[in-house]
Every structure is written in C-alpha cells, then in structure tokens.
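# Geometric and topological summary
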Amino acid sequence: MAGVGVKDLLSADDIDERDLLDVLNKAEAIADGKLPARTSARMIGLFFEQESTRTRIGFDVAASRLRHHIVDISASPGSRLGKAQGEDLEDHIRTISEYCDLIVARTEHVATVEEIARLTHLPVINGGNGIGEHPTQALVDLFTIERRLGDVRRLSVALSCDPTARHALSFMKLLALRPPQRFTLCLAPETKLSNVAAAAIDDLRHCGTTIDRVDNVEATLDHDVLSIQTQRASSIISGRIGEMDAVQKAEDEKFTLTAEKILRNRSKTMIMNPLPRHSETDKSCDSLPNAAYFEQVRLSIPIRMAVLSRMLAGRRWTGRSRSRLQAGWPETSSPISSSLSQSVN
Amino acid sequence: MAGVGVKDLLSADDIDERDLLDVLNKAEAIADGKLPARTSARMIGLFFEQESTRTRIGFDVAASRLRHHIVDISASPGSRLGKAQGEDLEDHIRTISEYCDLIVARTEHVATVEEIARLTHLPVINGGNGIGEHPTQALVDLFTIERRLGDVRRLSVALSCDPTARHALSFMKLLALRPPQRFTLCLAPETKLSNVAAAAIDDLRHCGTTIDRVDNVEATLDHDVLSIQTQRASSIISGRIGEMDAVQKAEDEKFTLTAEKILRNRSKTMIMNPLPRHSETDKSCDSLPNAAYFEQVRLSIPIRMAVLSRMLAGRRWTGRSRSRLQAGWPETSSPISSSLSQSVN
Amino acid sequence: MAGVGVKDLLSADDIDERDLLDVLNKAEAIADGKLPARTSARMIGLFFEQESTRTRIGFDVAASRLRHHIVDISASPGSRLGKAQGEDLEDHIRTISEYCDLIVARTEHVATVEEIARLTHLPVINGGNGIGEHPTQALVDLFTIERRLGDVRRLSVALSCDPTARHALSFMKLLALRPPQRFTLCLAPETKLSNVAAAAIDDLRHCGTTIDRVDNVEATLDHDVLSIQTQRASSIISGRIGEMDAVQKAEDEKFTLTAEKILRNRSKTMIMNPLPRHSETDKSCDSLPNAAYFEQVRLSIPIRMAVLSRMLAGRRWTGRSRSRLQAGWPETSSPISSSLSQSVN
C-alpha cells in the first residue's frame, strides 16, 4: 500500500490526533454551511449484515449531500451473496471493488469487516462490527461534545453503559487523543471489564485523565457530559436478551436516567445516547436542555460527510492501528462462512 | 407553528380553493414541460406500511425529476423500527427528522399518519392511511378531468365504488372546492354510507351540485366522467376479502364496466380508475378512447412534483382541516404499537 | 413501430455488425474516460425476478455514472405486483411505462421478458431470461477479448460450459458477427446440444470458423481465449442442482481449471468467466496474468453505459431478431401467471 497509514477506518486506533482534528474541522465547516469542494460523483456500497437506522440512513444522506450515489451490496433476497448456488464473500467483494469507490460495512462478526478490508483496494468504513468497534459513532460523540461545550480536554466525561459495547470502546479510545480532565465509568460492581476496555481506560489514565468508577447513574450528574446506553448492549447484540424475562429486561433503576433525577440534582450534565435507547434513558429527559441525543443524530451527517470526503480523496489514516498489529480484537474466531450463513438466515 | 395553515397534507380538508388552483396550475406547467425553478437537493423519506406501486414509485420518480433524493424509512428487515430490541415510532421519526426534509407515509391505520405528522416538524404527505384518505390521488383525479375536459364545474361526475374507500372520500371532499353540475354515486342499494362519506356528499349538495344515487354502472354512462373501482375496497384493505370464495370475489355484474356496455350506450364518458383494478373494469375497455386510467398514472407525476415543490418551499395548506379539529376520522382507536407490530409481521 | 429494427435488446440476434461496432466503440471511448454527451436524467426501471449481483448492480452503477436514476420495479414485499389482491404483469408494466424511460429485466421464464417488451413502448433490455439469452453479458465478453487481445477474428476461442447456458448462447451468436479463426466447445461426450446451440454453432461454421469439440479443459489451453463456467448452469438455474449430493456437486476434474494446469501447459490463454463461479475455476488461477474475469466485471460498466445511452437516445437494433420471427426460443410455454407466482413465493 502506498503512502503512510491505512486506507480503512476500522477502529478508533486508526485515527491519530491530526486525523481527528482534520475530521472535526471539516465537519465543523460543513455544519456551518460550507460544503466540501464538489468532486465527481462516486459510488458508495452499503454492506449491512445487521439492522441499522442511523448508520445506514445517515451514510445514505451524507453521500447524497455530497452528490455521491449509494448502492446496496448486502446479502439480500435479490443478491447472489451467501446463496447455496451463489457466491462467496471474496468474489462478492472483488466484484463490488470493480463497481464502487468506497464500502461502508456493518457486520455480525468482528472479523468480517477486517476480511472485507483485506479483500479490496477500496477504502472501507466500519459501521459497527459485532462486539468490536464503531469509530464513526465515536467521532459523532466527540464532535457533539466539542460543538456544544468546547474543548473536551477541559471537561469531565462519564460513560454509563456496557463497557464492551462497540461505540463505548471506540469512544474511550478516541478520548485518549483529547483526554478529558476526568473520566467516570458507571456500571454494576460485578461487571468485569474486557481486556480491550481495560486497556483503553489504562491509556486514558496514562494521558493524565483521572479515572473513577461508580455504580449509580446519579453519581455522574455532576459531570459535564454523560454518555448513556443500556448496560446490556452486548446481550442485545448477541441476541441473548431475547431469553430474559420481562422483569430482567427493564434496566436496573440505578442505571436509569429520568428527568426527576436530573432536576433533583440541578444537573447541567449534557446527556448523550448513541440510540436506539432502551429503558435506560426515560423519555421524560427529552424536553430538558440536557438532552443532546437528537443533536447527535443531526451532527452525525457532517461527521459522516467529512469522513467520506476525506477517504474518497484518498487520504489515509495515520493512527496506531494497534488492533490490527496485535491480537487486539476481543473476538478472533468467527469464520466468514459462519458469518454469512447467519446473515442470510 | 409559524404562518397560517398546516404544514402537512393529510386530508383533502387541508386544501382550500386557492391551494387547489396553485397545485393544478403548477402541475399544468410541469406537464407542459416547464420544470419548477431548480432548488438545492432535498431528502424525501418514504415510509410505507402497505403495498404500493403508483404512490411509492410515483413519488420516487417525481422527486428524482426535481433532483431530490429518496430514502426508504419504512420498517424493513434492515431497519430497527418495530424490532423487539429496536426502536419505537417516536424515536424513529425524531431520528428521521434530523435526516430528511419531507416524509411521504402510507399507513395501515388511519391514526398513524397523524401520529407521524405530530412527531415531526417536517411536512408530511399522506399517501393513503388505512380507511382514511388519499389526498394526492384525489388531486390526480381532478387534474386528469380538467386536463382532458376542462372546468369540472361544468361537468357531471359519477363515482362507482365503495364510498368509504380512501381515494373516494378525498375525491368527494375535493370536488366541493370545484363543485360539478351533477354528482352520482353508483352503489348497491343495501350499502350504507359512512358518516364521513355522507358529510362529504352533503357538502357537495350545499355547494349546489345535484346529487343522485344509482345501483347500476350503466346508469352512469351519460355522465362526462365516471371514476370506478371495486365496490369492495374496504374489504380488500382490511384483508377480509381473502376469506371470500371465488364466486363472491368477482365483481357484481351491475358494477362491472365492459367495452360492450360503453359501446351499446354510445357513451363518451371518460373512465377513470385509481388502480389497481379488479374485475370491475374489464380490460376490453382499455382500447376505447374513454379509458383515462393510464393517463391518470402519467399525470400523477406532475401533480406529485407540484405538491412536493410547494411543500419543500415551506408553503402551508390553508384548508379547513376539519378532520383534525373535530373527531372527523372514521377510525380513532388503533394504537401505534399495534400498527407497528402488524407492519413488521 | 417507427424506424428500422427493434426497440429492445432481448437476444444477440437483435444485434447486427454495425450495432456491435457502435457499442464496442462507445464502450471503448467510455473506458478511456470520454463520457457520452450529457443528456437529461432518465428513469431506469429494474425488474428482477432472479438473484443477480453483476447485472443488477452493474446497471445501477452504469445508470448512475450517466446521471440517470434507478427505480426497483420488481415484485417485492412492498409492491402490488403478483399479490392476491394486487395487480397483474400487464397493468404493472403499463403503469411503469408511464414512469420510466427504459426497463432492464431478468426473468425466471424465457417468455416473460418478451411479454414485458410487448406490453410497453419503452425499450427493454434482457438481463437474462431463464434458459434463454443474456446479450449484454455477451457484449461484455467480446469487449474484454478485443480490449486485451485485439480483433477477435484473428483469434482462437474456446468455450467450456453448459452450451445451453444463456450467456453461452448469446456469446456464440455474437461471435458470428465477428467470427474467430477457431472455436472449440469443451463439454462431456454425452452432452447433447440444444437445437438453438447447434444452430448458433452452424452459423459460426458458415462464417468460416473452424469448429472443434473436446472433453477436457486442458485441451483448450492452446487457445487465445477460454470462456469457462460450470457445466451445470442449466441445472443451477432450474434449481435441480439442490437435489444432488455433495460428491456430484463438485465439478468433474476434467472441466476444472487450476493454476497447476495453466502453468504445466505454459498456457497464455486468457481466462474469462461470467461469474459467479463454482468449482470449475479454482481460485489458484486468480493471481495468474491469464485471469480476466474481474477485468470483465470492470469492463461491464462501459458496455452497459454504451447500451443504455444508445437505447435512451432512441437508437434501434437492426439485427436478424430471428428468435422472435421464428420459434427460436428453447422454451415457449411458461405462462406469465406461473412466472409471477413463483417469483413472489
């Protein structure tokens, strides 16, 4: 591969500080009404093995605003991919590589998005890979913080969610590039951190951030920012939550945010949520000025436009990409074949 | 909400006479080759809970001709909407509201399109809501009449179909803005009019139109216009027709139009049909000059372009909107949740 | 119909030598970076009853590069076509004819694409009709040969595949317009040629091409070109292959191409494959300079752009169209109704 860095955005590790500032500045300009210089129309292939609203429609809208075209390249009833008499992922991606200029992929298994990136010379964006990462969501989160509150390095940030959730891992990794004053994890005492989550938090600590851990969301309401989602994201992604009964499905009260808690604490904390929400963010919060989750949705468009226009211009990512040099993924098995057989069932 | 009138086109009641003339004039100009002034590309979200050919593809084509973009925002296998671990209609529509500029919705239940309109600041077009209304189809019908035969106020118009069909209700309401000389309903003697249909006919009568009722389609063939469709539209929409046997499925001979009947009556009546047709409009009619139903299909594009460009320019509808001030909908129960659970099954 | 020739591209028989040179020259110019003169945006309807990757996405990409729009007009869960209370093919195509400017169709049964072409004034492209033909694939094949090796009339060409496969039939018919020096069929001794395949080969012989038949793919590796695909394409298309056991599914070793065979024969043969491949083209071949199958994928875009821009400009095909004058289709039964009922199940 020519040039320094990697062609794909698969992990927050692919992003270094200069990459990050470039994306945030581009997104800022777009959000303020300055479209990137017009280029020739490109073809963006959307490969989605999992349900998606914001990532799929968001990339569609972002591409359209840049006057690019979208084509669905997922395994679908009308596609040959994954069919008994059809085509395997390798031939499918090699075929798509002759048609498209960039691929956005959301995959069931962590390894599939790596596999796709390896099979093509096209730049690939990870739109969420199993229990892996979701780097563009982390960029959206950081952009939302800085657009509303300014430099994150002067702020305190709390994260209440399953720390192995893909958006959480990408978010913590990205924070290490612009470390906040304080970072607080809110989760149940019995929850153990995965190795990759623990490593990301260690990185933050080494950057000078004060690390705390609490087990009650109310204890985070003195922070500048709270990013919240269900504590059971991993269970939901793996489908295991379907086996739980209704009582267990409800979020533990200690991890549920309500308007009443915010008001009782006279909290100014900005509330973020990557959505979809479950019971952890009560709708009573929506009308408070703290709520920023639909602002996140809105700001996801300039971020995704900035990422697309950067990558379509051939600019590479110069981050550490540690995950792909070491055995960094939390899951490394999951052969492609099983991924595909699942996705078409 | 700023300005006079409503942002949405949910019912023919939203349209007043000036609105109607504006849309007809815009559509006339477009049909004659004058495209509306070019605007920046907008994003149109298509939310369809029911099957559709003309409305869905028609809005797609109309948007493309205006250089706007279409994105499918329906509950689909790839969407989170309505999924067990997914997202409810409120969060879905609030998310879409950050991405799109206008929503076209066809819904299973009458109330769902109202619910969508209430949840968003975007303009919403009702593309057919259960047994409610279908206002753009009524605009197409009126445009087709006036483009072929001139001012509808000088004409006699017959309607042979289930009078609770959504396109019929919207059509009768719209006619009250440009009342014909004569209006004749053709339906079985035992058929009772719904309250809303009876009210729409009363309105027409108050506008000076002579109202008649016959029970044989041949009795309408002296009119200038006949709009015909199956007498069992309500049953089809509600799925009940599936339970009938084949004999019952065939349209009653008295409500079936054939070329033989048209020729025997030396009729010049222009035949309209919103399609799809069932057995009520025999294909033998297609080659007669009376047939205008595929002309309706063609003229639906300029009408939908006119409606889209008007609403995307932020122009509001200044009709009576009685249905939303009073309890005007024929069905007011149907909670959103049941609508969604049905649409994804 | 005005003008000489036919509006549709349904068979390689529709193409005469001047048509062929026109398409190849247009495609050559496009492949070299010269886009056709910009025209107003048109609407292309994609009607696909069978799985497709290259044809469906390829036409989508080709249309987008020409700044045209694509709309899916297939029978789908959201469409009325083929539904119990929906619409028949005739009304569907007549409706689409009011919306679109051209239709690309892939159909289950041979006769359906003819039926569609008959029902509409729009130009129709056959994107593969059952066991019928696939003329644009044949154009891609010829273009790939001439772009890499020059005038096919100076070359030797081998074809190893089920000779009733639709791409094979179209390819042999097209070769008769630019007959190679030598043409060799590679297939099992017990395989009988269909009447149409035998006629196409007779045509080639009458054009002066030397015809051979071998039963081992290695015997073709002294040719300039080998187009290879599974010997069981017909079984796969008809779904019969699902009944075979795993042992039978594997391609016979004699019809399987491997890098080892190519290298052992010091073969310079250019290897084409319309894809998807099965076991007949081992992946060990991919890295050899002989492999041209992904180049075929790439060159399919300029060919499809050339065909689209020619047909959208109203230019007709002046070939023999023998298949539609005589009883040329290998299958003439298959009523539309059965085609539709299969496609929606």
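Position numbers for residues count from 1 along each chain, tracking the sequence in the order it is written. Note on labels: chains are lettered from A, ligands numbered from 1, in written order. Residue-level local features of this predicted model are given only where pLDDT is at least 70; pairs of side-chain atoms are given and counted only at 80 or more, and the full residue set underlies all totals for whole chains, interfaces and linings. Side-chain measures were taken over the full set of non-hydrogen atoms in the model, leaving aside hydrogen atoms and water.

This brings us to the overall build of chain A. Of regular secondary structure, chain A possesses 13 helices and 9 strands. Think of it in three bands: with a 1.4 Å probe and only protein chains considered, a residue is buried below 20% of the maximum accessible area for its type, exposed above 50%, and partly exposed in between. Sorting the 345 residues of chain A into buried and exposed places 61% on the buried side. Residue contacts are defined here by distance: any two heavy atoms, one from each residue, within 4.5 Å place the two residues in contact. Sequence-distant contacts, at least 24 apart, represent 77% of the contacts inside chain A between residues at least 6 apart. Using a 1.4 Å probe, the Shrake-Rupley method yields the accessible areas, and only the shown protein chains count as cover for residues. As displayed, chain A has an accessible area near 12,800 Å², and 50% of this comes from carbon and sulfur atoms. To qualify as a helix, a DSSP run of H or I must reach at least 4 residues; to qualify as a strand, a run of E must reach at least 2; elements of each kind are numbered from the N terminus.

Attention shifts here to the interface of chain A and chain B. Counting residues at the interface gives 29 residues for chain A, matched by 24 residues for chain B. Accessible area, probed at 1.4 Å, shrinks when two parts are joined; the buried area is that loss added up over both. In this assembly, chain A packs against chain B so that about 2,300 Å² is buried in total across both faces, 49% of it on carbon and sulfur atoms. By definition here, a salt bridge exists when the distance from a side-chain nitrogen of Lys or Arg to a carboxyl oxygen of Asp or Glu is within 4 Å. Counting the contacts that link chain A with chain B gives 7 salt bridges. In the analysis that follows, any N or O atom pair within 3.5 Å is treated as a polar contact, provided that within protein one partner can donate a hydrogen and the other can accept it, and provided that, for residues neighboring in sequence, both atoms belong to side chains. Counting across the chain A and chain B interface gives 9 residue pairs in polar contact (both at pLDDT 80 or more). Element by element, the count of residues in the side of chain A that touches chain B is highest for helix H2 (residues 54-65) of chain A, at 8 residues. Three residue categories are used. Nonpolar comprises Ala, Val, Leu, Ile, Met, Phe, Trp, Tyr, Cys and Pro, charged comprises Asp, Glu, Lys and Arg, and polar comprises the others, including Gly. Across the side of chain A that touches chain B, the residue classes break down as 9 nonpolar, 7 polar and 13 charged.

It is worth spelling out the pairing of strand S6 (residues 182-186) of chain B at this point. Residue and element names in this part refer to chain B. Of all 5 residues in S6, 4 are buried; the element is thus mostly enclosed. Read from strand S5 (residues 156-160) through helix H6 (residues 166-175) to S6, the crossover connection turns out right-handed. Whether two strands pair depends on DSSP finding at least two bridges between them. Alignment of S6 against strand S7 (residues 210-214), held across 5 bridges, turns out to be parallel. Its bridge partner being in S7, cysteine 186 is matched across the sheet by valine 214. A clockwise path from the first strand over the helix to the second, with the strands pointing away from the viewer, defines a right-handed crossover. Handedness of the S6-helix H7 (residues 195-206)-S7 crossover: right-handed.

Here we take up the relation of the copies chain A and chain B. When chain A is fitted to chain B, the residual RMSD is 0.0 Å, and the transformation amounts to a turn of 120° plus an axial shift of 0.0 Å. Accordingly, the operation relating the two chain copies is best matched by a three-fold axis. Closest approach to the rotation axis within chain A is made by the C-alpha atom of histidine 69 of chain A, at a distance of 5.8 Å. For this overlay, a least-squares fit was computed on C-alpha atoms, restricted to residues scoring pLDDT of at least 70 in both copies.

With that settled, the discussion passes to a positive patch on the surface. Where like charges cluster on the molecular surface, the positive patch consists of Arg38 and Arg67 of chain A, Arg38 and Arg67 of chain B together with Arg38 and Arg67 of chain C. Assignment of secondary structure puts arginine 67 of chain C in the loop between helix H2 (54-65) and strand S2 (69-72). Relative accessible area serves as the criterion here: at 40%, arginine 67 of chain C is assigned to the partly exposed category. By definition, no residue in a patch forms a salt bridge, and every one has over 30% relative accessible area; like charges are joined within 9 Å, nonpolar side chains (Val, Leu, Ile, Met, Phe, Trp, Tyr) within 5 Å. When charges are tallied, Lys and Arg are placed among the positive residues and Asp and Glu among the negative ones, while His and the ends of the chain are skipped. The atom standing in for a charge is NZ when the residue is Lys, CZ when it is Arg, CG when it is Asp and CD when it is Glu.

Before going further, it helps to spend a moment on the pairing of strand S5 (residues 156-160) of chain C. Residue and element names in this part refer to chain C. Of all 5 residues in S5, 5 are buried, a share of seventy percent or more. Burial along S5 is two-sided: Ser156, Ala158 and Ser160 and Val157 and Leu159, pointing in opposite directions, are all buried. Judged from the 5 bridges that link them, S5 and strand S6 (residues 182-186) form a sheet pairing that is parallel. The residue bridging valine 157 from the neighbouring strand is phenylalanine 183, located in S6.

Turning our eyes to something else, we now look at the packing of helix H6 (residues 166-175) of chain A against helix H7 (residues 195-206) of chain A. Residue and element names in this part refer to chain A. Only the stretch in contact is used when fitting a helix axis, every axis being a line fitted to C-alpha atoms; angles between N-to-C directions are given from 0 to 180 degrees. Their axes nearest at 8 Å, the elements H6 and H7 cross at an angle of 20°. Looking at the two axes, H6 sits roughly parallel to H7. In this structure, H6 crosses over H7, and the sense of that crossing is left-handed. Where H6 abuts H7, its residues Leu169, Met172, Lys173 and Leu175 lie against Val196, Ala197, Ala200, Ile201 and Leu204. Along the lines of polarity and charge, the residues of the contact of H6 with H7 split into 8 nonpolar, no polar and 1 charged. For classification purposes, angles smaller than 35 degrees are called roughly parallel, those larger than 145 roughly antiparallel, those between 65 and 115 roughly perpendicular, and all remaining angles oblique. Helix crossings fall into two classes, left-handed where the near helix is turned counterclockwise from the far one by less than a right angle and right-handed where it is turned clockwise.

Turning our eyes to something else, we now look at the packing of aromatic side chains. Here a Phe, Tyr or Trp ring, Trp counted by its six-membered ring, pairs with any other such ring whose centre lies within 6.5 Å, and the pair is stacked when the planes are under 30 degrees apart, edge-to-face when over 60, and tilted otherwise. Scanning all chains against the criterion turns up 3 aromatic pairs over all chains. Consider the ring centre and the ring normal. A charge sits over the ring if Lys NZ or Arg CZ is within 6 Å of that centre and within 35 degrees of that normal. Taking NZ or CZ as reference, arginine 310 of chain A lies 4.2 Å from the ring centre of tryptophan 317 of chain A, over its face.

At the junction of the two partners, chain C supplies 28 residues and chain A supplies 23 residues. Across the chain C-chain A interface, the total number found is 7 salt bridges. Measuring nitrogen to oxygen at the nearest pair gives 3.0 Å for the salt bridge that ties glutamate 87 of chain A to arginine 54 of chain C. Broken down by secondary-structure element, the contributors of at least two residues to the side of chain C that touches chain A are H2 and helix H11 (293-312) of chain C. Ranked by residues supplied to the side of chain C that touches chain A, first place goes to H2 of chain C with 8 residues. Looking at side-chain class alone, the side of chain C that touches chain A contains 9 nonpolar, 7 polar and 12 charged residues.

Residues and elements named next belong to chain A. For the peptide bond that leads from leucine 275 to proline 276, omega is 5°, which places it in the cis range. Even without glycine at this site, leucine 275 takes up a positive phi of about 60°. Here leucine 275 is to be found in the loop between strand S9 (270-272) and helix H11 (293-312). Take leucine 275: its relative accessible area is 8%, and that puts it in the buried class.

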